[in-house]
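# Geometric and topological summary
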Amino acid sequence: MAKKPGIPKGTRDFTPEEVNKRNYIIETIRGQFQLYGFQPIETPSFENSETLLGKYGDEGDRLIFRILNSGDFLRKAGAEAIENRDSNSLAAQISEKALRYDLTVPFARYVVMHQNEIDLPFKRYQIQPVWRADRPQKGRFREFYQCDADVVGSDSLWQEVEFVKLYDAVFNELNLKGVSIKINNRKVLAGLAEIIGASDKLIDFTVALDKLDKIGEEGVKNEMLEKGIHQDAIDRIQPLFAFQGSNEERLDQLEAMLKDSVEGMKGVEELRFIISRVAGLGTKASSLEVDVTLARGLNYYTGAIFEVAAPEGVAMGSIGGGGRYDDLTGIFGLKGVSGVGISFGLDRIYLVLEELGLFPESVVEQTKVLIINFGDEEAYYGMKLLESLREQGIKAELYPDAAKMKKQMNYANKRNVPYVILAGTQEMNDGTYTLKNMRTGTQETVKMDAIPYLG
RNA sequence: GUGGUUGUAGCUCAGCUGGUUAGAGCGCUGGAUUGUGGUUCCAGAGGUCGCCGGUUCGAACCCGGUCUUCCACCCCA
């Protein structure tokens, strides 16, 4: 007997129902991307290792799936690395390809390679799976979809405003209310580090600050101390731990703290612009909130930083993120091209919609009409009807076998098919068919050429 | 990558300090009902107890390893 099959940790099969629901989300996002003027591209599922490695920090490198070379690669590998059991050195010699880790770096690579065909500013969207060798948890997989929209070649803050509106439009169409779009700015974080004399510890400082809602004020302070940030420096940012009020009030407080930092003040100014314009334009399903503790993607973000939190009460990590990276393509040799973009986490949005029961019923309904099969002659009769139904755009099918009535009805019932058509010798003689509503149980016999109204 | 947790029928779960042929509900198949499903009744099928090894007269239960699940770190969609 063959061993029971399985799939790798952190991957999933999707049932027809799940695929339908996923497609509903994808089509909603895709539709809004197009409405906002983004154009689709796709990139390979794997890239040259050197394209990816070193772009996401040490932590990121660890999570990149690497692809073993083909052939007898060990023969060519350096004996030294094997002898010393040096995995890192050996890996570089026996693996030269790696699975895509996100969609942003491949996009940067794309822009550089296609720079002569692209008209700047270039707005692209991309909906594809990415892979991370992470340890799975709820809402965290090793294979998952990102839905990205980015613009390169424009420094305008109107892009940031547009992205907030885009987020809002998608969540509104998905009927997902109460989403919170958090925004921060790398320059503000850099300014804070600067005024406390910890510019060299920017990453440690912000990573600690980012954990405020998780480990609390004391936890954050302890972590900062552990990272070598002095107590008197921490005291100077004390107001951060008691940040309150409206976005404007928070920005006022920030400004007061950052008045001696040119960079910090620039960050506040940028935030002010985005906040005020979005406030003026309004949002439907989500709210935009300044969150000074937000510190994601610091390895490449240089301006705005976005993170999207599910509505309150839903235990889920962020369902989206993004930000601005000046010089996005610099790592691949094309200087002076700024990029800004956002990402939707399809798999997490799915879990949130599922938890809140927000999938429309129509997403699951597939076939509208099932024609019962009483035998070849009757099936032939039914086929003619099938054709006209399909011409009307009504999803319809014939039960392929002349199985027992009960079995066929049961099949329709379990698959949630709302209508069944019965056409046997009686109907064939009269030139009619019988249409049964499976929800109400009522049925009527109508002329063969009458297309049913299926409400 | 670190620490913990989970795994028994298709699904959700019982299963006593280790002791005969491992159970329930739901689902599934067939029948009651030869052109009428969802309700009801009757009958039936389905499990190498995640996998490998060990302890024991005897293991679903104890021990070790491994895979998987979920959780906390790390990090992140």
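Residues numbered from 1 in each chain as written. Chains lettered and ligands numbered in written order. Predicted model: local features only at pLDDT ≥ 70, side-chain atom pairs only at ≥ 80, totals over all residues. Heavy atoms only, no water.

## Regarding the sheet that holds strand β13 (residues 396–398)
- Reading across the sheet, the five strands line up as β13-β12-β14-β15-β16 and stay open at both edges, with mixed pairing between neighbours. A strand with exactly one partner marks an edge of an open sheet, and here the two such strands are β13 and β16 (443–447). Averaged over all pairs of adjacent strands, the angle between their axes in this sheet comes to 25°, without regard to strand direction.
- For strand β14 (residues 419–422) and strand β15 (residues 432–437), the ladder comprises four bridges, and the chain directions are antiparallel. (Pairing = 2+ DSSP bridges. Helix = DSSP H or I, 4+ residues; strand = E, 2+ residues; numbered from the N terminus. Axes fitted to C-alpha atoms, helices over the stretch in contact; angles between N-to-C directions.)

## What about the protein's contact with RNA strand B?
- Lining the immediate environment of RNA strand B, one finds 40 residues, of which Lys138, Arg140, Lys211, Lys404 and Met438 sit closest.
- The backbone of Gly10 places a nitrogen or oxygen atom 3.4 Å from a phosphate oxygen of RNA strand B.
- Residue assignment for the surface near RNA strand B shows that the elements contributing at least two residues are α3 (57–62), β6 (143–152), α17 (405–414) and α18 (425–430).
- A per-element tally of the surface near RNA strand B places α17 first, with six residues.
- Classifying every residue of the surface near RNA strand B by side-chain character gives eight nonpolar, 14 polar and 18 charged. (Near = heavy atom within 4 Å. Polar contact = N/O pair within 3.5 Å; in protein donor to acceptor, adjacent residues only side chain to side chain. Nonpolar A, V, L, I, M, F, W, Y, C, P; charged D, E, K, R; others polar.)

## Comments concerning the confidence of the model for chain A
- Put simply, chain A has an average pLDDT of 90, and 97% of its residues get 70 or more.
- Mean pLDDT values for the elements of chain A range from 69 in helix α5 (residues 79–83) up to 98 in strand β1 (residues 39–40).
- The ipTM value of the predicted complex is 0.86, and its pTM value is 0.90. (pLDDT = per-residue confidence, 0-100.)

## Re the pairing of β14
- Here β14 shows two buried faces, one formed by Tyr419 and Ile421 and the other by Val420 and Leu422.
- Where strand β12 (residues 369–371) lies against β14, three bridges are found, and the strand directions are parallel. Of the residues in β14, the one forming a bridge with Ile371 is Ile421. (Buried < 20%, exposed > 50% of the residue type's maximum accessible area, 1.4 Å probe, protein only.)

## A look at the packing of helix α9 (residues 186–195) against helix α10 (residues 202–209)
- Between α9 and α10, the least distance of the axes is 10 Å, while the angle of their chain directions is 110°. By the angle between their axes, α9 is roughly perpendicular relative to α10. Between α9 and α10, the residues in contact are Arg186, Leu189, Ala190, Leu192 and Ala193 and Leu202, Phe205, Thr206 and Leu209, respectively.
- When the residues that make up the contact of α9 with α10 are grouped by side-chain class, the tally is seven nonpolar, one polar and one charged. (Parallel < 35°, antiparallel > 145°, perpendicular 65-115°, else oblique. Contact = heavy atoms within 4.5 Å.)

## Here's the deal with the environment of Ala169
- Looking at the element boundaries, Ala169 is found in helix α8 (residues 158–173).
- In this structure, the C-alpha to C-alpha distance between Ala169 and Ala304, residues 135 residues apart in sequence, is 20 Å.
- Not counting residues within four places of it along the chain, the set of residues in contact with Ala169 comprises Gln32 and Tyr36.

## A short note on the sheet that holds strand β2 (residues 46–48)
- On the basis of which strands lie adjacent, the open sheet formed by three strands has the order β2-β4-β3 and antiparallel pairing. Each edge of the open sheet carries a strand with a single partner, namely β2 and β3 (66–67).
- Two elements, β2 and strand β4 (residues 97–99), share three bridges in a ladder whose sense is antiparallel. By the bridge assignment for β4, Glu47 is matched with Ala98.

## Notes on the environment of Met448
- Structurally, Met448 can be placed in the segment after β16.
- Judged by its relative accessible area of 22%, Met448 is partly exposed.
- Spatially, the C-alpha atoms of Met448 and Tyr433 are 6.0 Å apart, while their sequence positions differ by 15 residues.
- If near-sequence neighbours (up to four positions away) are discounted, Met448 is found in contact with Tyr381, Lys384, Leu385, Gly431, Thr432 and Tyr433.

## What about the packing of aromatic side chains?
- Considering all chains together, one arrives at 15 aromatic pairs under this definition.
- Where Phe33 meets Phe344, the ring centres are 5.8 Å apart and the plane angle is 55°; that geometry is what we call tilted. Linking Phe33 in helix α1 (residues 16–35) with Phe344 in strand β11 (residues 339–345), this pair joins segments that are 311 residues apart in sequence. When sorted by exposure, Phe33 lands in the same class as Phe344, which is buried.
- Relative to Phe122, the ring of Tyr110 lies with its centre 6.4 Å away and its plane at 10°, an arrangement referred to as stacked. With a gap of 12 residues between them, Tyr110 in helix α7 (residues 104–113) and Phe122 in strand β5 (residues 122–131) connect regions that are remote in the sequence.
- Connected via pairs of aromatic rings, a cluster forms that spans Phe33, Phe38, Tyr125, Phe163, Tyr167, Phe171 and Phe344.
- Just above the ring of Phe141 sits the side chain of Arg12; from NZ or CZ to the centre is 3.6 Å.
- Between the NZ or CZ atom of Arg132 and the centre of the ring of Tyr101, over which it lies, the distance is 4.2 Å. (Phe/Tyr/Trp six-rings, centres within 6.5 Å; stacked < 30°, edge-to-face > 60°. Lys NZ or Arg CZ within 6 Å of the ring centre and 35° of its normal.)

## Brief notes about the pattern of salt bridges
- Counted by the stated rule, this structure contains 19 salt bridges.
- Asp347 is the salt-bridge partner of Arg22, the closest N and O atoms lying 2.9 Å from each other. With a gap of 325 residues between them, Arg22 in helix α1 and Asp347 in helix α15 (residues 346–356) connect regions that are remote in the sequence. A single burial state applies to Arg22 and to Asp347, both of which are buried.
- Between Glu270 and Lys266 there is a salt bridge, with the nearest N and O atoms lying 3.3 Å from each other. Residue Glu270 and its partner Lys266 are located together in helix α14 (residues 262–281), separated by four residues, close to a single helical turn.
- Under the relative-accessibility criterion, Glu270 is labelled buried at 8%.
- Connected via shared salt-bridge partners are Arg12, Arg22 and Asp347. (Salt bridge = Lys/Arg side-chain N within 4 Å of Asp/Glu carboxyl O.)

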